[in-house]
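Fold and geometry: a report
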Amino acid sequence: MRQRLTLEKIRRFSCPKKHAQALLWDSEAPGLAIRATRGGAKAFVFQRKLNGAAIRMTIGDPLAWPLNTIWSGRGEDRRELQRGAREEANRLAGLIDRGIDPRDEAREREAASKARQAAQAAKAEAERHTLKTLMAAYVAHLRKQRKSSAGAVENCTANHLTKAHAAIAQKPANAVTSHDIAAILRPLTEEGKGRTAAKLRAYLRAAYALAARAELDGDLFAVEGIVRPASEGGMP
């Protein structure tokens, strides 16, 4: 027997002790039911037949899923804030009507979601390891090794990289190209500061070389995975 589900009916619905689970079917969204288990757990479920075989899917906890979709705004500004169990059941029914197994669609959506999350995590990781942070890590390494050149490297990169070329300094270190390096060094050469350009180039080379060896010493850098500039001929 189907009946129009309400929050109160869902709250009062329970599973008889002699059964492992019980279903209360909704009259408004065919295929939608609230399932209660002997242990007291409840969930919205959807069930329909596809190619003669019954398919049942769990939609979610009724404490997390409203019965009906919650909307914001009106007209063209109307936006879905939270999908309701009835609308989700209707969506799943639509898939079955088109011969699509909702379980396959759910797996594909989950895989796509994981791929997006992985891509976002990779992007965030790359952005965290910028050329600026690479050079800062290199300076920290020199100081740890008690190298007297640490101060000179820090001043040189601050004046001629971080300040003079902020956009390049903020790029992921493994995305910096030989053209970027040339753009950093060219102004120094044109200003007659060839020696400074040569020093900065040497510092950059040393920082990338050290980063490439970082996996041999976990304390060396927090920038594992950063290698030489993106291939466009390598460091000039």
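Here the structure is a predicted model, which means the values were calculated and not measured. What you see as residue numbers is a count from 1 along each chain, following the sequence as written. It should be noted that, the model being predicted, local features are given only for residues of pLDDT at least 70 and side-chain atom pairs only at 80 or more, the latter also being counted only at that level, while totals for whole chains, interfaces and linings use all residues. The basis for every side-chain value is the complete set of heavy atoms in the structure, and neither hydrogens nor water enter the calculation.

Remarks on the environment of Ala89
For clarity, the cut-off: Only runs of H or I of at least four residues qualify as helices and only runs of E of at least two qualify as strands under DSSP, and these elements are numbered from the N terminus. Note on exposure labels: buried denotes an accessible area under 20% of the residue type's maximum, exposed denotes more than 50%, and partly exposed covers the range between, all computed with a 1.4 Å probe on protein chains only. We call two residues in contact whenever any of their non-hydrogen atoms come within 4.5 Å of each other.
Of note, Ala89 is situated in helix α2 (residues 85–97). Judged by relative accessible area, which is 0%, Ala89 ranks as buried. For Ala89 and Phe46, which are 43 residues apart along the polypeptide, the C-alpha to C-alpha distance reads 6.0 Å. When neighbours within four sequence positions are excluded, Ala89 is seen to be in contact with Ala29, Leu32, Phe46 and Ile59.

Some details on helix α4 (residues 131–144)
This is how the line gets drawn: Here the expected length of a helix is defined as 1.5 Å per residue gap, with one fewer gap than residues.
A rise of 1.5 Å per residue sets the reference length of α4, with its 14 residues, at 20 Å; its end C-alpha atoms lie 20 Å apart and thus fit the reference within 8%. Within α4, burial applies to Leu131, Leu134, Met135, Ala137, Tyr138, Val139, His141 and Leu142.

Examining the side chain of Asp26
We count it as follows: Here a polar contact is recorded for every N or O atom pair within 3.5 Å, except that within protein the pair must consist of a potential hydrogen donor and a potential acceptor, and residues adjacent in sequence are included only if both atoms are side-chain atoms.
Here Asp26 shows up in strand β2 (residues 21–26). At a separation of 3.1 Å, a polar atom in the side chain of Asp26 contacts the main-chain amide nitrogen of Ala29. At 2.8 Å, the side chain of Asp26 forms a polar contact with the side chain of Arg86. Those residues within four positions of Asp26 in sequence are excluded, and the remaining contacts are Arg2, Gln3, Arg4, Leu5, Leu32, Ala33 and Arg86.

Some points on the sheet that holds strand β4 (residues 42–50)
Put simply, the test is: Pairing between strands requires that DSSP locate at least two bridges from one strand to the other. Only the stretch in contact is used when fitting a helix axis, every axis being a line fitted to C-alpha atoms; angles between N-to-C directions are given from 0 to 180 degrees.
As summarised here, the arrangement of the 5 strands in space is β1-β2-β3-β4-β5, forming an open sheet in which the pairing is mixed. At either margin of the open sheet sits one strand with a lone partner, and together these are β1 (2–3) and β5 (53–60). With 7 bridges connecting them, β4 and β5 associate as antiparallel partners. Bridge pairing links Phe44 to Gly60 in β5. Strands β2, β3 (32–37), β4 and β5 of the sheet are contacted by α2, whose axis makes an angle of about 20 degrees with β4.

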